[in-house]
Amino acid sequence: MSRGPVASALVVFGITGDLARKSLLPALYRLAGRGRLNMPVIGVTRRSWTDDDLRDHARDAIGDDLDESVFSDFASRLHIVDGDLTDQATYRRICDAVADVPFVTYYMATPPTQFTTIAEQLGKAGLNRDSRLVVEKPYGHDQASAQALDDELHRTFADDALYRVDHYLGSEAVRGIPVARFANPLLETVWSRDHITSVQITMAEDFDVADRGGFYDPTGAVRDVFQNHLLQILALLAMDPPACRDATSENVAKWELLRAVRTIEPSDVVRGQYDGYLSVPGVHPDSTTETYIAARLHIDNWRWKDVPILIRTGKCLPLTSTEAIIELQSPPLALYGHPEPNLLRLNLDKRRGLSLDLSLNRAEGQPPQPAAVPARVPPMGNAELPYEHILEAAIVGDASAFASFPFIEESWRIVSKIIDREDPPTTYARGSWGPDQSKDLPAPSTWHRVTTPD
């Protein structure tokens, strides 16, 4: 697998922010514990912090599960550069900090409003040479803004030096989808309209937006997870085999798949908002933001033509689980009654693996009964976090862990008619599976039961 230059320093803008505290610092600490972080980590902040302040912040972020010897090594690599992100003096201090470094990775863990400012200032300081820039999501808020952002960032960074984060691509379960498909001829043989009745993808959360109303209300379920995470899962599930195992080939295969996905029509969507959402602090009292979305998609290519693709996600649902369910076609003759359909389940959370719901004879004279045949990946102690993969890939130059711009552009096109809706979504009860109207979306089939995580 081809890779870009390996960085000798990591510079994190927004090191004192929420993303760094919850995800980046714990992941970097774990990389250090695995012996895979052998470079300085330079945090940039507007706060007047010292190196020791940053190290104390990292200790708090990692929490009680901390090995002092590992942390001592990790902390020795942490350094701070303070200053305003619009001030060239800040970037001169960054220049001094990386003066002897042959290649640098810059990671923007900041609000999107600062992306172009940072890139422009890096360019003015000459810091865009021998470096790459990692950009967190959201990458734009629609197709036009994503294109404008990409054009602006390309003023200072070439496309092969621009990495766009979708942290689902760091998930072991999601990374395993192509392996399950293409390393098992048994699966790939039936992976088409000739044998599959429908594809269902569910990302359910049993919790609400909590204290994140100010963030969530301008975003909603489509922008938060559907346009990025769930379309990445769809692309990996439905794409044709890549020409070879590298970032370019896989990105082309995913892009070709999305090109065949029709723009979603509002008539193929059910939008919901859980009861009580309008009372959340930070949420507009007349908000039309959806906390639930269910959509029927159409893929107009040779493999998937006329196969219903059903995707749903929401908050305050009965459980937390992410699962893709492939329904296989029924036998041509009902010689043994009308058994439940065969289902292939891909578990995309901590249970990662797959299972088959098959029909088996359980008693003489009784109809066949469904039975699950599980194939789970054995649990690993201290399993890697998604951001461990993302950060290591950013350091070593593995573009396969990031979204390509053609993919992002197509994903915004696909959801272009179902964002910024002004009609109010349907209220649904907490603990339900969303609005009642969503039950009719898979007709003539139905939503299949989502399995509960272990």
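Placed above this text is the structure.
Residues numbered from 1 in each chain as written. Predicted model: local features only at pLDDT ≥ 70, side-chain atom pairs only at ≥ 80, totals over all residues. Heavy atoms only, no water.

Q: Would you explain the pairing of strand β10 (residues 309-314) in this entry?
A: In summary, the side chains of a regular strand alternate between the two faces of the sheet. Within β10, 6 of the 6 residues are buried, leaving the element largely enclosed by the surrounding structure. By the alternation rule, side chains of β10 split into I309, I311 and T313 and L310, R312 and G314, which are all buried. The sheet contact formed by strand β7 (residues 196-204) and β10 spans 6 bridges and is parallel. When the bridges of β10 are listed, I201 appears paired with I311. Inspection of the sheet shows strand β9 (residues 292-297) paired to β10 by 6 bridges, in the antiparallel sense. Looking across to β10, one finds that Y292 is bridged to G314. (Buried < 20%, exposed > 50% of the residue type's maximum accessible area, 1.4 Å probe, protein only. Helix = DSSP H or I, 4+ residues; strand = E, 2+ residues; numbered from the N terminus. Pairing = 2+ DSSP bridges.)

Q: Is there a simple way to think about the packing of aromatic side chains in this case?
A: Within a pair of aromatic rings, the relevant descriptors are the distance that separates the centres and the angle that separates the planes. Going through the model one piece at a time under the given rule, you end up with 9 aromatic pairs. Residues Y29 and F74 carry aromatic rings whose centres are separated by 6.2 Å and whose planes lie at 65° to one another, so their mutual orientation is edge-to-face. Placement of the pair is Y29 in helix α1 (residues 18-33) and F74 in helix α3 (residues 68-76), with a sequence separation of 45 residues. The same class applies to Y29 and to F74, which are both buried. (Phe/Tyr/Trp six-rings, centres within 6.5 Å; stacked < 30°, edge-to-face > 60°.)

Q: How should I be thinking about the nonpolar core in this particular structure?
A: Soluble globular proteins tend to bury their nonpolar side chains together. Core analysis: the biggest nonpolar cluster contains 100 residues, and F13, Y106, L133, F226 and L297 have the highest contact counts within it. In terms of residues, this core owes the most to one element, helix α11 (residues 220-238), which gives 12 residues. By size, the runner-up hydrophobic cluster in this structure holds 42 residues, among which are A7, V70, I80 and A401. (Core = buried A, V, L, I, M, F, W, Y, C linked by side-chain atoms within 4.5 Å.)

Q: Is there a simple way to think about the environment of L127 in this case?
A: Its place among the elements puts L127 in the loop between α5 (115-124) and β5 (131-135). Residue L127 is classed as buried on the basis of its relative accessible area, which comes to 6%. With 35 residues separating them in the primary sequence, L127 and R92 have C-alpha atoms 9.4 Å apart. Not counting the four nearest positions on each side in its chain, L127 is found in contact with Y91, I94, C95, V98, Y106 and L122. (Contact = heavy atoms within 4.5 Å.)

Q: Would you mind going over a nonpolar patch on the surface with me for this structure?
A: Taken together, the side chains of L333, L335 and Y336 present a nonpolar region at the surface, about 430 Å² in accessible area. Along the polypeptide, L335 turns up in the loop between β11 (321-328) and β12 (343-347). (Patch = residues over 30% accessible without salt bridge, like charges linked within 9 Å, V, L, I, M, F, W, Y side chains within 5 Å. Areas by Shrake-Rupley, 256 points an atom, 1.4 Å probe, with all protein chains shown as cover. Salt bridge = Lys/Arg side-chain N within 4 Å of Asp/Glu carboxyl O.)

Q: What exactly am I supposed to notice about the pattern of salt bridges here?
A: Taken as a whole, this structure holds 30 salt bridges when the rule is applied. Between E392 and R36 there is a salt bridge, with the nearest N and O atoms lying 2.9 Å from each other. Highlighted residues: E392 in helix α13 (residues 386-396) and R36 in the loop between α1 and β2 (41-45), separated in sequence by 356 residues. Where E120 meets K124, a salt bridge forms, and the shortest distance between an N and an O atom there is 3.5 Å. Taken together, the residues span about one helical turn, with E120 and K124 both in helix α5 at a distance of 4 residues. Several salt bridges converge on common partners, so that one network encompasses R181, E188, D240 and R303.

Q: Please clarify how the packing of α11 against helix α12 (residues 247-259) should be interpreted in this entry.
A: The relative placement of two packed helices comes down to the angle between their axes together with the axis-to-axis distance. Interaxial distance between α11 and α12 falls to 9 Å at its minimum, and their mutual angle equals 100°. The pairing of α11 with α12 is recorded here as roughly perpendicular in orientation. Residues L231, Q232, L234, A235, L236 and A238 of α11 lie in contact with α12, whose contacting residues are E250, K254, L257 and L258. Each residue belonging to the contact of α11 with α12 can be placed in one class, and the counts come to 7 nonpolar, 1 polar and 2 charged. (Axes fitted to C-alpha atoms, helices over the stretch in contact; angles between N-to-C directions. Parallel < 35°, antiparallel > 145°, perpendicular 65-115°, else oblique. Nonpolar A, V, L, I, M, F, W, Y, C, P; charged D, E, K, R; others polar.)

Q: Can you help me understand empty space enclosed by the protein in this one?
A: Take a probe with the size of a water molecule and roll it over the atoms, and the empty space left behind shows itself. By the definition in use, this model includes 3 cavities of 30 Å³ or more. Considered as a void within the structure, the largest cavity measures approximately 130 Å³ in volume. Elements that contribute at least two residues to the lining of the largest cavity include exactly α11 and α14 (405-414). In terms of residues, the lining of the largest cavity owes the most to one element, α11, which gives 4 residues. Partitioned by chemical class, the residues of the lining of the largest cavity number 7 nonpolar, 3 polar and 4 charged. Volume-wise, the second largest cavity comes out at about 40 Å³. Broken down by secondary-structure element, the contributors of at least two residues to the lining of the second largest cavity are α11 and β10. Among the elements that make up the lining of the second largest cavity, the one with the highest residue count is α11 (3 residues). Across the lining of the second largest cavity, the residue classes break down as 3 nonpolar, 3 polar and 3 charged. (1 Å grid on protein atoms, 1.4 Å probe; cavity = no way out; pocket = protein on both sides within 12 Å on 5 of 7 lines; lining within 4 Å. Points joined across faces, edges and corners; volume = space filled by probe spheres on them.)

Q: I tried to follow unusual backbone geometry on my own but got confused; where do I start?
A: The phi angle of most residues is negative, glycine excepted, and most peptide bonds adopt the trans form. The linkage connecting K137 with the following residue, P138, adopts the cis geometry, with an omega of 5°. For P138, the position within the fold is in the loop between β5 and α6 (143-153). The linkage connecting A443 with the following residue, P444, adopts the cis geometry, with an omega of 10°. Here P444 is to be found in the segment after β15 (426-428). The backbone phi angle of A210 is positive, close to 55°, even though this residue is not glycine. Residue classification places A210 among the partly exposed residues on the basis of a relative accessible area of 48%. Here D306, not a glycine, exhibits a phi torsion of approximately 70°, which is positive. The residue D306 is located in the loop between β9 and β10 in this model. Exposure remark for D306: the relative accessible area of 60% places this residue in the exposed category.

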